[in-house]
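Chain residues, written in single-letter form:
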Amino acid sequence: MRLRYYGIPWIRPKVDEPVKKFFMKFGKLKNYKKGENIFVGKEFYPYLSLLINGMVQKYCAHFQLQNTSKDKAISIILPYSMIGDTFFLSNRDCFVSTTVMRDSVLLEVPHDVVWDYMFSNNSFNKTMIHNLMYDMESDLEGFANIVARTPRDRLLCLFKGLVVRCEVDNIDGWYKLPVKLTHYEIAQIVYTTPLTINRILLDLKNEGYYKNENRCRYISKDLLDRLYDWKDTDRNDEKIIGKPVLKCV
């Protein structure tokens, strides 16, 4: 069961269609290269942005002060999720930083433009608030999982979150994981070490729940079905049978 909130831990949902259309109309395109910072801790970010291509990591900057391999507690932002909502809602800086994990393209909108449109359109205002709250729930659920779950269960929650977020269909009882992450990146998200991730994956493989073929990872549908209560109805977008599976990155 979920620990606190409806949001998928560590993974932001896709925005609703009215929010996507708003960014398409008012946003200014900006390209970021892999490894480039969008903003760093205690630096104010004056935009609310929509990621339309690539992948971004969000993390707490002060975690880097620790002399350990667990140097960041991160979440990942995939296409059609928002960036900068904390700054937008509070109008304050914070310790949150974001760094581009893969070459990315954002649509950036200044705060005042977003507020003006929200105040002039009550229906959009309500939709935007729901989307922003979903992002907060995802972060809080992620931290709750770090505190309450074992590294193995946290890893499986991450895998199921990716499967649900990217609307992956199972093939003969297996899900192909849609986002390619290194052991180090996975360890950062679920707050453990790459060595622990390697050990867990080896255990899952020996148990018949995990396989790696042609540089693609596969996880057992049966295992994920028994882990957590996310269902097809949790998805923001209606699933259309027969359409190609969404490729997140």
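In this text, all values refer to a predicted model and were calculated from it rather than measured experimentally. (Residues numbered from 1 in each chain as written. Predicted model: local features only at pLDDT ≥ 70, side-chain atom pairs only at ≥ 80, totals over all residues. Heavy atoms only, no water.)

K.L.:
Outline the overall build of the chain, supporting the account with residue identities and numerical values.
P.N.:
In terms of helices and strands, the chain carries eight helices and nine strands. When each of the 249 residues of the chain is scored for burial, the buried share is 51%. Counting every atom, the chain has about 12,600 Å² of accessible surface; 52% of that belongs to carbon and sulfur. (Helix = DSSP H or I, 4+ residues; strand = E, 2+ residues; numbered from the N terminus. Buried < 20%, exposed > 50% of the residue type's maximum accessible area, 1.4 Å probe, protein only. Areas by Shrake-Rupley, 256 points an atom, 1.4 Å probe, with all protein chains shown as cover.)

K.L.:
For helix α6 (residues 183-190), give the residues involved together with the corresponding values.
P.N.:
Burial analysis of α6 places six of its eight residues in the buried class, the great majority of the element. Looking only at α6, the buried set comprises Glu 185, Ile 186, Ala 187, Gln 188, Ile 189 and Val 190. Among the residues trailing α6, Tyr 191 stands out with phi positive, at a value near 60°.

K.L.:
Tell me about unusual backbone geometry, and name the residues and values.
P.N.:
The backbone of Lys 42 sits at a positive phi, close to 70°, despite the residue not being glycine. The topology assignment puts Lys 42 in the loop between β2 (37-39) and β3 (47-60).

K.L.:
Give a description of the pattern of salt bridges that names residues and reports values.
P.N.:
Considering all chains together, one arrives at eleven salt bridges under this definition. Salt-bridge contacts for Asp 85 lead to Arg 12; the nearest nitrogen and oxygen are separated by 2.9 Å. With Asp 85 in helix α2 (residues 85-90) and Arg 12 in the segment before α1 (17-26), this residue pair connects regions lying 73 residues apart in the sequence. Look at Arg 12 and you get buried, because its relative accessible area is 2%. The partner of Asp 139 in a salt bridge is Arg 12, and the shortest N-O contact between them spans 3.0 Å. With Asp 139 in helix α4 (residues 122-148) and Arg 12 in the segment before α1, this residue pair connects regions lying 127 residues apart in the sequence. (Salt bridge = Lys/Arg side-chain N within 4 Å of Asp/Glu carboxyl O.)

K.L.:
Help me get a handle on the confidence of the model for the chain, residues and values and all.
P.N.:
Across the chain, the average pLDDT comes to 87, with 86% of residues at or above 70. In the predicted structure, residues 232-247 sits below a pLDDT of 50 and forms 22 contacts with residues beyond four places in sequence or in another chain. (pLDDT = per-residue confidence, 0-100. Contact = heavy atoms within 4.5 Å.)

K.L.:
Now, about the sheet that holds strand β7 (residues 174-176): what can you tell me, with residues and values included?
P.N.:
A sheet is described by the order of its strands in space; here three strands give the open sequence β7-β9-β8, paired in antiparallel fashion. The strands lining the two open edges of the sheet, one partner per strand, are β7 and β8 (210-213). Shown here is a sheet whose adjacent strand axes are inclined to one another by a mean of 25°, direction ignored. Across four bridges, the pairing between β8 and strand β9 (residues 216-220) is antiparallel. (Pairing = 2+ DSSP bridges. Axes fitted to C-alpha atoms, helices over the stretch in contact; angles between N-to-C directions.)

K.L.:
Requested: an account of helix α3 (residues 111-120), with residues and values cited.
P.N.:
His 111, Val 114 and Met 118 are the residues of α3 that are buried. One side of α3 carries all its buried residues, which in axial view fall inside an arc of 70°. Structural note: α3 exposes Asp 116, Phe 119 and Ser 120 on the side pointing more than 90 degrees away from its buried face. At its buried positions, α3 is contacted by α1, β3, α2, β6 (96-110) and α4. (Arc of directions from axis to C-beta.)

K.L.:
So what about the layout of surface pockets? Which residues, and what values?
P.N.:
A volume near 230 Å³ is recorded for the second largest pocket. What lines the second largest pocket is a set of 16 residues, among which Lys 58, Cys 60, Val 96, Asp 139 and Phe 143 lie closest to the centre. Breaking the lining of the second largest pocket down by element, the ones donating at least two residues are β3, β4 (74-77) and α4. Top contributing element to the lining of the second largest pocket by residue count: α4, with six residues. The residue makeup of the lining of the second largest pocket, split by class, is ten nonpolar, four polar and two charged. (1 Å grid on protein atoms, 1.4 Å probe; cavity = no way out; pocket = protein on both sides within 12 Å on 5 of 7 lines; lining within 4 Å. Points joined across faces, edges and corners; volume = space filled by probe spheres on them. Nonpolar A, V, L, I, M, F, W, Y, C, P; charged D, E, K, R; others polar.)

K.L.:
Could you give me a rundown of the packing of aromatic side chains, with the residues and numbers involved?
P.N.:
Each aromatic ring pair is summarised here by two numbers: the centre-to-centre distance and the angle between the ring planes. Under the defined criterion, the tally for this structure stands at 13 aromatic pairs. Between the aromatic rings of Phe 22 and Phe 23, the centroid separation amounts to 5.5 Å while the plane-to-plane angle is 75°, which identifies the pairing as edge-to-face. The exposure class of Phe 23 is buried, given its relative accessible area of 0%. Ring centres of Tyr 45 and Tyr 47 lie 5.6 Å apart, and the angle between their planes is 70°; on these two criteria the pair is classed as edge-to-face. (Phe/Tyr/Trp six-rings, centres within 6.5 Å; stacked < 30°, edge-to-face > 60°.)

K.L.:
Quick rundown of the pairing of β6? Include the residues and the values.
P.N.:
In terms of burial, β6 is largely enclosed, as twelve of its 15 residues are buried. Pairing of strand β1 (residues 28-32) with β6 involves five bridges; the strand directions are antiparallel. The partner of Leu 29 across the bridge, within β6, is Leu 107. Inspection of the sheet shows β2 paired to β6 by two bridges, in the antiparallel sense. Bridged to Phe 39 within β6 is Thr 98. Sheet topology note: the β3/β6 ladder contains twelve bridges and is antiparallel. Paired with Leu 50 across the two strands is Leu 107, which belongs to β6.

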